[in-house]
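# Working through the structure, step by step
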Amino acid sequence: MDERSSVENSNASSTNENRPDQVVPKIVRPYHALRNLHGHRTVLVVASETTLNIPDDLKTFTEGENGVSVHFTKKLPLANSRHPPIDVIVLVYKVFHKDSFQTIKDSLPYIDIQYMIGKCFILVTSDSKFCRTDVAEIEDFAGAYCLPIHFVLKEKDREGVQRLQIPSNLMALYCPRSGKDTNSLLANATLVRSARWCTLSEK
């Protein structure tokens, strides 16, 4: 191949790369760290089909005094590029549901790496009893990507409906209100995780 042909092929390749009709990956990126300090924080919940009971399970994210609002999607990338600023991303894993694990793996490439520093975590839940070996796969995955992992029970509410029971101090860790002591929130969240795992193991 002569030099002219090489240049033409290079230009053609460059033109194809910049074609407007090409699909550009829709990466979810964080906004400025100081955004919305005194307002609502937005949590993006990523959960595959049948993983959560919508909308009942989503209500538990908004309970308490953290001022959290929820944006839900079954997978990433988001179908609509117009969405509220995302402060925290929750990847939901349901024990014995392989599709939930696949959704997490498929969605991870569309999450900006800046979320991996304390603004993205895996939430493990189940409708039935399970043991430690049942969650070994997701624990290994979380460890490989340095993602925090929290185990949350489903319990019956006052109306007898089973839904997630997310401790308010767990959400306070990821969506702290202005003026809160982050170190104490971190310690509380660690205790919550340990207590929850002990409860799950005993059942």
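Residues numbered from 1 in each chain as written. Predicted model: local features only at pLDDT ≥ 70, side-chain atom pairs only at ≥ 80, totals over all residues. Heavy atoms only, no water.

Where an unreviewed UniProt entry is consulted, the protein appears under the name Centromere protein M, with the organism given as Biomphalaria glabrata.

### A short note on the environment of Glu-63
How we decide: Secondary structure elements are defined from DSSP: runs of H or I of at least 4 residues count as helices, runs of E of at least 2 residues count as strands, and each element is numbered from the N terminus. With a 1.4 Å probe rolled over the protein chains alone, any residue whose accessible area is under 20% of its type maximum counts as buried; one over 50% counts as exposed, and the rest are partly exposed.
Within the secondary structure, Glu-63 sits in the loop between α2 (56-62) and β2 (68-73). Residue class for Glu-63 comes out partly exposed when judged on its relative accessible area of 37%. Sequence-wise, Glu-63 and Met-171 are 108 residues apart; in three dimensions their C-alpha atoms are separated by 9.3 Å.

### Section: the sheet that holds strand β4 (residues 120-125)
Condition: Only strands joined by at least two bridges in the DSSP assignment are considered to pair. The angle between two axes is taken between their N-to-C directions and runs from 0 to 180 degrees, where each axis is a line fitted to C-alpha atoms and a helix contributes only its stretch in contact. The criterion used for residue contact is that any of the two residues' heavy atoms lie within 4.5 Å.
Pairing within the open sheet is parallel, and its five strands lie in the order β2-β1-β3-β4-β5. Both edges of this open sheet fall to β2 and β5 (149-151), since each of them pairs with a single strand only. Put simply, the sheet's adjacent strands are angled 30° from each other on average, direction ignored. Examined bridge by bridge, strand β3 (residues 88-94) and β4 share six bridges and lie parallel to one another. When the sheet's bridge partners are listed, Leu-91 is paired in β4 with Ile-122. Helix-sheet contacts for helix α3 (residues 98-107) involve β1 (41-46), β3 and β4, and the interaxial angle to β3 is about 150°.

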